[in-house]
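Structural features, examined
Chain by chain, the residues run as shown.
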Number of protein chains: 4
Amino acid sequence: MIVTILGFKGGIGKTTTAVHLAAYLSQYDKTLIVDGDPNRSASSWAGRGKLPCDLCDEQSAIKLAKSYEHIVIDTKARPEPEDLEALLKGCDKLILPTTPDALALDALILMLKAMPQGANYNILLNIVPPKPSKMGEEAIKFLEDAGLQVYPFVIRRFTAYQRAALKGVTVYESGDRMGKIAWSDYQRLGREVLNV
Amino acid sequence: MIVTILGFKGGIGKTTTAVHLAAYLSQYDKTLIVDGDPNRSASSWAGRGKLPCDLCDEQSAIKLAKSYEHIVIDTKARPEPEDLEALLKGCDKLILPTTPDALALDALILMLKAMPQGANYNILLNIVPPKPSKMGEEAIKFLEDAGLQVYPFVIRRFTAYQRAALKGVTVYESGDRMGKIAWSDYQRLGREVLNV
Amino acid sequence: MIVTILGFKGGIGKTTTAVHLAAYLSQYDKTLIVDGDPNRSASSWAGRGKLPCDLCDEQSAIKLAKSYEHIVIDTKARPEPEDLEALLKGCDKLILPTTPDALALDALILMLKAMPQGANYNILLNIVPPKPSKMGEEAIKFLEDAGLQVYPFVIRRFTAYQRAALKGVTVYESGDRMGKIAWSDYQRLGREVLNV
Amino acid sequence: MIVTILGFKGGIGKTTTAVHLAAYLSQYDKTLIVDGDPNRSASSWAGRGKLPCDLCDEQSAIKLAKSYEHIVIDTKARPEPEDLEALLKGCDKLILPTTPDALALDALILMLKAMPQGANYNILLNIVPPKPSKMGEEAIKFLEDAGLQVYPFVIRRFTAYQRAALKGVTVYESGDRMGKIAWSDYQRLGREVLNV
DNA sequence: TGAGTTAGAATGGCACCACCCGTC
DNA sequence: GACGGGTGGTGCCATTCTAACTCA
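Scope of this entry: the structure provided in the associated data block. (Residues numbered from 1 in each chain as written. Chains lettered and ligands numbered in written order. Predicted model: local features only at pLDDT ≥ 70, side-chain atom pairs only at ≥ 80, totals over all residues. Heavy atoms only, no water.)

A count of helices and strands for chain A gives eight helices and seven strands. At 16 Å, chain A has a C-alpha radius of gyration in line with the 16 Å of a compact globule built from 196 residues. Here the C-alpha coordinates of chain A stretch approximately 40 × 40 × 30 Å along the principal axes. Per-residue burial for chain A yields a buried fraction of 54% across its 196 residues. Across chain A, contacts joining residues at least 24 apart in sequence account for 74% of those joining residues at least 6 apart. Accessible surface, chain A: about 9,000 Å² in total, of which carbon and sulfur atoms supply 51%. Computed over 24 positive and 23 negative side-chain charges, the separation of the two mean positions in chain A equals 6 Å. (Helix = DSSP H or I, 4+ residues; strand = E, 2+ residues; numbered from the N terminus. Rg over C-alpha atoms; globule rule 2.2 N^0.38 Å. Buried < 20%, exposed > 50% of the residue type's maximum accessible area, 1.4 Å probe, protein only. Contact = heavy atoms within 4.5 Å. Areas by Shrake-Rupley, 256 points an atom, 1.4 Å probe, with all protein chains shown as cover. Lys, Arg positive; Asp, Glu negative; His and termini not counted. Charge placed at Lys NZ, Arg CZ, Asp CG, Glu CD.)

So, about the packing of helix H1 (residues 14–25) of chain A against helix H2 (residues 41–48) of chain A. Residues and elements named next belong to chain A. At a minimum axis distance of 9 Å, the contact between H1 and H2 shows a crossing angle of 55°. One way to sum up the angle between H1 and H2 is to call them oblique. The chirality of how H1 crosses H2 is right-handed. Across the interface between the two elements, Thr15, Thr16, Val19 and His20 from H1 touch Ser41, Ala42 and Trp45 from H2. (Axes fitted to C-alpha atoms, helices over the stretch in contact; angles between N-to-C directions. Parallel < 35°, antiparallel > 145°, perpendicular 65-115°, else oblique. Left-handed = near helix turned anticlockwise from the far one by under 90°.)

For the pair chain A and chain B, the relating rotation is 179°, the translation along its axis is 0.0 Å, and the fit reaches an RMSD of 0.1 Å. This pairing of chains is accounted for by a two-fold axis. Mapped onto chain B, 100% of the interface residues of chain A again fall at the interface, so both copies present the same surface. (Least-squares fit on C-alpha atoms with pLDDT ≥ 70 in both.)

For the rest of this paragraph, the subject is the sheet that holds strand E7 (residues 150–156) of chain A. Residues and elements named next belong to chain A. The seven strands lie next to each other as E3-E2-E4-E1-E5-E6-E7, forming an open sheet whose pairing is parallel. Since the sheet does not close on itself, it has two edges, and those belong to strand E3 (54–57) and E7, each with one partner. Each neighbouring strand pair of the sheet contributes to a mean axis angle of 25°, computed without reference to strand direction. Where strand E2 (residues 31–35) meets strand E4 (residues 70–74), five bridges bridge the pair, whose relative direction is parallel. Counterpart to leucine 32 in the pairing with E4 is isoleucine 71. (Pairing = 2+ DSSP bridges.)

Turning chain D through 179° and shifting it by 0.1 Å along the axis lays it on chain C, with an RMSD of 0.1 Å. The fraction of interface residues of chain D whose copies in chain C are also interface residues reaches 95%, indicating that both copies meet through the same surface.

Turning our eyes to something else, we now look at the pairing of strand E4 (residues 70–74) of chain C. Within E4 of chain C, five of the five residues are buried, which leaves the element mostly enclosed by the surrounding structure. A two-sided burial pattern is seen for E4 of chain C, the buried positions comprising His70, Val72 and Asp74 of chain C on one face and Ile71 and Ile73 of chain C on the other.

Residues and elements named next belong to chain B. If you trace the seven strands from one edge of the open sheet to the other, you get E3-E2-E4-E1-E5-E6-E7, paired in parallel fashion. Each end of this open sheet is capped by a strand with a single partner; those strands are strand E3 (54–57) and strand E7 (150–156). Adjacent strand axes in the sheet meet at a mean angle of 25° when their direction is disregarded. Against the sheet, helix H6 (residues 135–145) engages strand E6 (121–128) and E7, with an angle of about 155° to E7.

A few words on the protein's contact with DNA strand E. Around DNA strand E, the structure places 21 residues, and the nearest of them are Thr159 of chain A, Pro132 of chain B, Thr159 of chain C together with Lys134 and Arg177 of chain D. The sugar-phosphate backbone supplies 67% of the atoms of DNA strand E found within 4 Å of the protein. Contacts to DNA strand E include proline 132 of chain D, whose backbone N or O atom sits 3.4 Å from a sugar or linking oxygen. Between a phosphate oxygen of DNA strand E and a side-chain N or O atom of lysine 134 of chain D, the distance comes to 2.6 Å. (Near = heavy atom within 4 Å. Polar contact = N/O pair within 3.5 Å; in protein donor to acceptor, adjacent residues only side chain to side chain.)

This part covers the interface of chain A and chain B. With 21 residues of chain A at the interface, the matching set in chain B holds 21 residues. When the two sides are added together, the surface that chain A and chain B hide from each other amounts to roughly 1,800 Å², 58% of it contributed by carbon and sulfur. Run the count over chain A and chain B and you get two salt bridges. Residues aspartate 106 of chain B and arginine 48 of chain A are paired through a salt bridge, measuring 2.5 Å at the closest nitrogen-oxygen approach. There are five residue pairs in polar contact (both at pLDDT 80 or more) connecting chain A and chain B. (Buried area = accessible area lost by both parts, 1.4 Å probe. Salt bridge = Lys/Arg side-chain N within 4 Å of Asp/Glu carboxyl O.)

How big an interface is tends to be expressed through the accessible area that disappears when the partners come together. Between chain D and chain C, the contact holds 21 residues from the first and 20 residues from the second. Approximately 1,800 Å² of surface area, both sides summed, lies buried where chain D meets chain C, with 57% of it carried by carbon and sulfur atoms. The tally of links between chain D and chain C comes to two salt bridges. Inspection of the region where chain D meets chain C yields five residue pairs in polar contact (both at pLDDT 80 or more).

Considering all chains together, one arrives at 20 aromatic pairs over all chains under this definition. Ring plane angle 55° and centroid distance 5.4 Å describe the contact between tyrosine 24 of chain C and tyrosine 28 of chain C, whose orientation is recorded as tilted. Classification of tyrosine 24 of chain C by relative accessible area gives buried; the value is 5%. Arranged with centres 5.9 Å apart and planes meeting at 80°, the rings of tyrosine 161 of chain D and tyrosine 186 of chain D form a pair that is edge-to-face. (Phe/Tyr/Trp six-rings, centres within 6.5 Å; stacked < 30°, edge-to-face > 60°.)

The next point concerns the protein's contact with DNA strand F. In the vicinity of DNA strand F, 22 residues are found, and the nearest of them are Pro132 and Arg177 of chain A, Thr159 of chain B, Pro132 of chain C together with Thr159 of chain D. Within the side chain of arginine 177 of chain B, a nitrogen or oxygen atom sits 2.9 Å from a base oxygen of DNA strand F. One nitrogen or oxygen atom from the side chain of threonine 159 of chain D is found 2.3 Å from a phosphate oxygen belonging to DNA strand F. Those elements giving two or more residues to the surface near DNA strand F turn out to be helix H7 (159–167) of chain B together with helix H7 (159–167) of chain D. Of the residues contributing to the surface near DNA strand F, the split by class is nine nonpolar, four polar and nine charged. (Nonpolar A, V, L, I, M, F, W, Y, C, P; charged D, E, K, R; others polar.)

Let's shift gears to helix H6 (residues 135–145) of chain C. For H6 of chain C, the complete set of buried residues consists of Met135, Gly136, Ala139, Ile140 and Leu143 of chain C. Projected onto a plane normal to the axis of H6 of chain C, the buried residues spread over an arc of 130° and lie on a single side. For H6 of chain C, the exposed residues set more than 90 degrees away from the buried face come down to Glu137, Glu138, Lys141 and Asp145 of chain C. Check the buried side of H6 of chain C and you find it contacts helix H5 (102–112), strand E6 (121–128) and strand E7 (150–156) of chain C together with H7 of chain D. Positive backbone phi, approximately 80°, marks glycine 147 of chain C, located one or two places after H6 of chain C. (Arc of directions from axis to C-beta.)

Residue placement: tryptophan 183 of chain B occurs in helix H8 (residues 179–195). When the C-alpha atoms of tryptophan 183 of chain B and valine 171 of chain B are compared, they prove to be 6.3 Å apart, with 12 residues separating the residues in sequence.

Moving on: the pattern of salt bridges. Any two side chains of opposite charge can pair, on the condition that their charged atoms come close. All chains considered together, the criterion is met by 30 salt bridges over all chains. The salt bridge partner of arginine 163 of chain A is aspartate 176 of chain A, with a shortest N-O separation of 2.6 Å. Here arginine 163 of chain A is found in helix H7 (residues 159–167), whereas its partner aspartate 176 of chain A is found in the loop between H7 and helix H8 (179–195), with 13 residues between them in sequence. Judged by relative accessible area, arginine 163 of chain A falls into the partly exposed class, the value being 37%. Overall, the relative accessible area of 18% leaves aspartate 176 of chain A in the buried class. Residue glutamate 192 of chain C pairs with arginine 188 of chain C through a salt bridge whose shortest N-O separation is 3.2 Å.

This is a description of form; function is not addressed.
Below, the structure written as structure tokens:
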């Protein structure tokens, strides 16, 4: 399965999503992360420690692809509208992470106007403030009302992710107290992705 | 005074910084925000409500500039290295907001390698988690150790900013409980900017 | 019990009455709202949030009716006189909400001339201005003097109803400050309806 | 000038608007109210007292029209979409009163989808709660954001209107304490109508 | 008829409490 | 395991304005 993580702007946890989804998939089969981001964020993550899956850049991806069962592609931010069609064709599943704030949601809806009908994509609410806040549910409701496909669950905000990035590992292996709890969010996403 | 807000990646509160710094400056003199971001984030903010200062795009900026005492420029993310020199010459002060996480700091240091010596810039730690967390101080220490110019204070993370963006006003006028406290962070920044 | 809410003109709180009476009845038994209004007001209300009872249109009503203990029918405004007899036969109780202003009362009396003798109906004064105003009592006295069957209590006017409609819930669950007080009016109506 | 008052649902002050706008126009020229409402609300109003302008039904309107400078038409509620075009052609100005609650606004927007482009119409916020409430401004903002033509002022809610209807006169002549204040709202509307 | 008084509704402000993340 | 702090919810006070009553 080829999963593409697409971000329309920076700072919405695109790389974190790619790394942890790949980590989940690698529990079941050989998985490769393709770091297509100009910032090389995923490579920077992996370079600090040891991820449970392999990583390469876009150039090497074509050659390596045939050896892996699952491929997670971390694309560059702000794709041109003409790239959208090609991105959709080149993957089995397109995941669009976003933060639940107004500016990000606006930019997301603007970009999705160029999305072809019937595309196999899903919006993923990311970096959602902890429970007293209702931003996550409100954002899901807002996007659903706009007729968009949104995952009915969210990835919560935890400091553990930043600490994991610093160590170059996943939250599950970060040794952080909230690591297991944070990991459960990505287990939920992983189950959803594998069921399709 | 012309202040340029430069972001090397998205989601680090560039627009929030531009809007609130301009709001601070407008207390003392006529201030203009130039929205150079391709997402038109500042315009989107202002369009929802009423900001205490005027706003225009880059094209109109040249004509309007002479009528304003202070100009705050919200640039596009990920400038090309060759743009850096021009940006520095075109302003009195360059502010580079960043979040205190490892990935953002890495990208920032990477970009600052292309920065000319003696440039009049300052890094601003933004969206810093609340006090039990030491991320803000650690990031400041890390950047100072790397020989970079960092403001010795930070802008804290508050939900009030997102609510203010939704209403199209500054946190000070958002009526939010933490609005005044959040505003005090930008007062600190504003004082620092005006003293130079 | 089948309760029909009949309005002779728009804007007299017919849908609000149907929704809240159904919510009261659903505390005791399974209740269904039948949205017979061409504007689909009740459906619009329920579509915004979550009502404590089910809802269907007139076509589905026949099939669903047997599964419910109580049915509240929100009819279309301005029924033809020949529909009156059928409406009366098709329910256990007919409630005619009206506002306490002269124009609405005139139209109501005009319509009730076509009402058969001995019919099991009751007029409900709705959207009554707050207490310094005597419109509610005056309207009740006026209708009683005209020999009509009027409930001896009223439903007061509150902004909470509009906010509840916006949220798609009942006033009791709207979280509004006056919500509980407004709900007490419908509790009074509900008790009266169940006692018959 | 021929002004048509069109209501998509009942209870939104259509007749009150027709009567008071006609009263305003009759200060300057001979004015006729055409009572096209099946409830004969305007006739009921006039029948109780004395209005400063004449009144007739739709049948007599054609014959009487030539003797009057201004004609205000009170149409029936819930016009069929195919009537819209004819209504627009048959008048110089179309006024659509509405209350500022969510249900009425929804129904209004639904109806305006059938409105031809470039039509000379204006929405009038009517029966607006007194000042601590922000419903009036919010409704205006909501309708403007939807791209509709709304008058930038509102007609406030006053009990004086109901008392005036009972007496069969305008609020200005009702002797009510708030009568003059209420009348000023319709003066604002009348000036706007005559300027066009 | 006009002015002052009182009751009640609606918004906005502030203080208090519960919950949970994040550090020690 | 304990503490500090942000976030949301509830309840209370102040303000403004309508609507009715009373007095001159």
